[in-house]
Amino acid sequence: MPVRTLVVDDSRFFRRRIVEILDADPRIQVVGEAGNGQEAVDRTAELKPDVITMDIEMPVMDGITAVRRIMEKNPTPVLMFSSLTTEGAKPTLEALEAGALDFLPKRLDDLSGNREEAVRQLRSRVFTVGAKGRTARREGEAASKGPPPAPARPASPVPKPPPARPAPSSGRVELVAIGTSTGGPVALQRVLTALPADFPAPLVVVQHMPGSFTPAFAQRLDNSCRIRVRQAADGDALEPGLALLAPGGQQMLVERRRPGGPARVRIEEADPTMTYKPSVDITFGSAARAFGAGVLGVILTGMGADGREGARMLKEAGSTIWSQDEASSVVYGMPAAVVEAGITSRVLSLDEVGPAIVEEVR
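Residues numbered from 1 in each chain as written. Predicted model: local features only at pLDDT ≥ 70, side-chain atom pairs only at ≥ 80, totals over all residues. Heavy atoms only, no water.

Draft legend 1. Looking closely at helix α7 (residues 214-224). Among all positions of α7, only Thr214, Phe217, Ala218 and Leu221 are buried. Along the axis of α7, the buried positions cluster into a sector of 100 degrees, meaning they face one direction only. In the core, the buried residues of α7 are packed alongside α4 (86-98), α6 (184-192), β7 (203-207), β8 (228-231) and β9 (242-245). (Buried < 20%, exposed > 50% of the residue type's maximum accessible area, 1.4 Å probe, protein only. Helix = DSSP H or I, 4+ residues; strand = E, 2+ residues; numbered from the N terminus. Arc of directions from axis to C-beta. Contact = heavy atoms within 4.5 Å.)

This is the structure in structure tokens:
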């Protein structure tokens, strides 16, 4: 059954373009269109789509307000179409805070220089988020109808052992490294706001995000967290209670000259042929070389498998890898990749990640 999609934009030309791209994928069915935020709210209630693509700047009601109304009345996954400019960062991040799951560039060329690849990525994002939305809606509908009748109890039930709780790693955590992508802005806020101001370890964070967005995103995290958060600059020292966010469009590496010595980050221009800029693999791999067994690596929600090879390097160096569970992930791609590779030692729901990090580090 195809993913049912509502396309919202005040430009009829842009709507037609998106509809043509999505409808050409047999996995996706565009069930309706809307030209402003109020129409989006009304059509969502009427059509019950699995996913919505939403513009931000629209007449009658803007996209941010529309997202808030939709989440209040008919919660539905929303992908925002955004201008990937510094001016576009603030409203896009506000839309994510309002409940949107992720954002897409209005210029497809910003997804990929190759048009066919850009179209593939657009369809993949819409399908993946929509499929999860459909599953969540069906589960919600089933829950609202009440539980099914309990099956007959067997005469001699076999007792189940209590679930095993993974033991903390024996080594001291010198660095916390977090990697994420789709759904990451909201996930990171949930995790980092759980950390106390006196958190005793430094953190490095990699979020797939354009360079025009990461300064504003780091500032928003800093405003909402008790720890300090800022976009990393070349030569920044790793400090307890400070999270350094990789700048978009570049690569962040961790370095130190001698074991146990001070560590810094190096910011490099990204290889244009690389898919991810910044890349979790590159940051995690450098952390493995710099810290060996002293890293707690955490893979959160995201599409693709970036972070798997870097996590493998950390694991081989003796470090610990955790991953977010499928139920709380917007897209279970990056966490699934480390689970399937046998790299992760603990799978946690999003709300468990922050408190567990605090417990592990202390």
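Structure's up, so let's keep going.
Draft legend 2. Representation of the pattern of salt bridges within the structure. By the definition in use, this model includes 20 salt bridges. When the shortest N-O distance is used, the salt bridge between glutamate 97 and arginine 220 registers 2.8 Å. Pair noted here: glutamate 97 is in helix α4 and arginine 220 is in helix α7, with a separation of 123 residues, a long-range link. Under the relative-accessibility criterion, glutamate 97 is labelled partly exposed at 49%. A relative accessible area of 22% means that arginine 220 is categorised as partly exposed. Here arginine 266 ties to glutamate 255 by a salt bridge, and the two come within 1.7 Å at their closest N and O atoms. Taken together, the residues span a long stretch of sequence, with arginine 266 in strand β11 (residues 264-269) and glutamate 255 in strand β10 (residues 250-255) at a distance of 11 residues. Owing to a relative accessible area of 26%, arginine 266 belongs among the partly exposed residues under this scheme. On the accessibility criterion, glutamate 255 (36% relative accessible area) is partly exposed. By sharing partners, the salt bridges in this structure join Lys90, Glu94, Glu97 and Arg220 into a single network. (Salt bridge = Lys/Arg side-chain N within 4 Å of Asp/Glu carboxyl O.)

Draft legend 3. Just the environment of valine 280, in detail. If you trace the backbone, valine 280 turns up in helix α8 (residues 280-291). In this structure, the C-alpha to C-alpha distance between valine 280 and alanine 177, residues 103 residues apart in sequence, is 9.1 Å. Excluding residues that lie within four positions of it along the chain, valine 280 makes contacts with Gly179, Thr180, Val206, His208, Ile299, Asp306, Gly307 and Met334.

Draft legend 4. Geometry of α8. Across its 12 residues, α8 extends 16 Å between first and last C-alpha, which sits within 8% of the 16 Å expected from 1.5 Å per residue. Counting buried positions over the 12 residues of α8 gives nine, a clear majority of the element. Where α8 is concerned, the buried positions are Val280, Thr283, Phe284, Gly285, Ser286, Ala287, Ala288, Ala290 and Phe291. For α8, the secondary structure elements touched by its buried residues are β6 (175-180), β7, β10, β12 (295-299), α9 (308-316) and α10 (334-340). Residue serine 279 occupies the N-cap position of α8, its side-chain oxygen lying 3.2 Å from the main-chain nitrogen of aspartate 281. After α8 finishes, the residue glycine 292 shows a positive phi value of roughly 60 degrees. (Expected span 1.5 Å × (residues − 1). Polar contact = N/O pair within 3.5 Å; in protein donor to acceptor, adjacent residues only side chain to side chain.)

Draft legend 5. Local environment of the nonpolar core. Judged by nonpolar contacts, the single largest core of 58 residues is most densely connected at Met54, Leu192, Phe199 and Ile357. The dominant element in this core, judged by the number of residues it contributes, is helix α11 (residues 350-361), at six residues. Sequence-distant contacts of phenylalanine 199, defined by excluding residues within four places in its chain, comprise Val176, Ile227, Pro240, Gly241, Ile357, Val358 and Val361. Counting 28 residues, the second-largest nonpolar core is a separate cluster that includes Val206, Phe284, Ala290 and Ile299. (Core = buried A, V, L, I, M, F, W, Y, C linked by side-chain atoms within 4.5 Å.)

Draft legend 6. Molecular detail of unusual backbone geometry. Residue proline 278 is bonded to the preceding lysine 277 through a cis peptide linkage, with omega at 15 degrees. The phi dihedral of lysine 48 is positive, around 50 degrees, even though this residue is not glycine. Phi angles above zero are rare outside glycine, and valine 60 is one such case at about 70 degrees. With respect to the helices and strands, the residue valine 60 is situated in the loop between β3 (51-55) and α3 (63-73).

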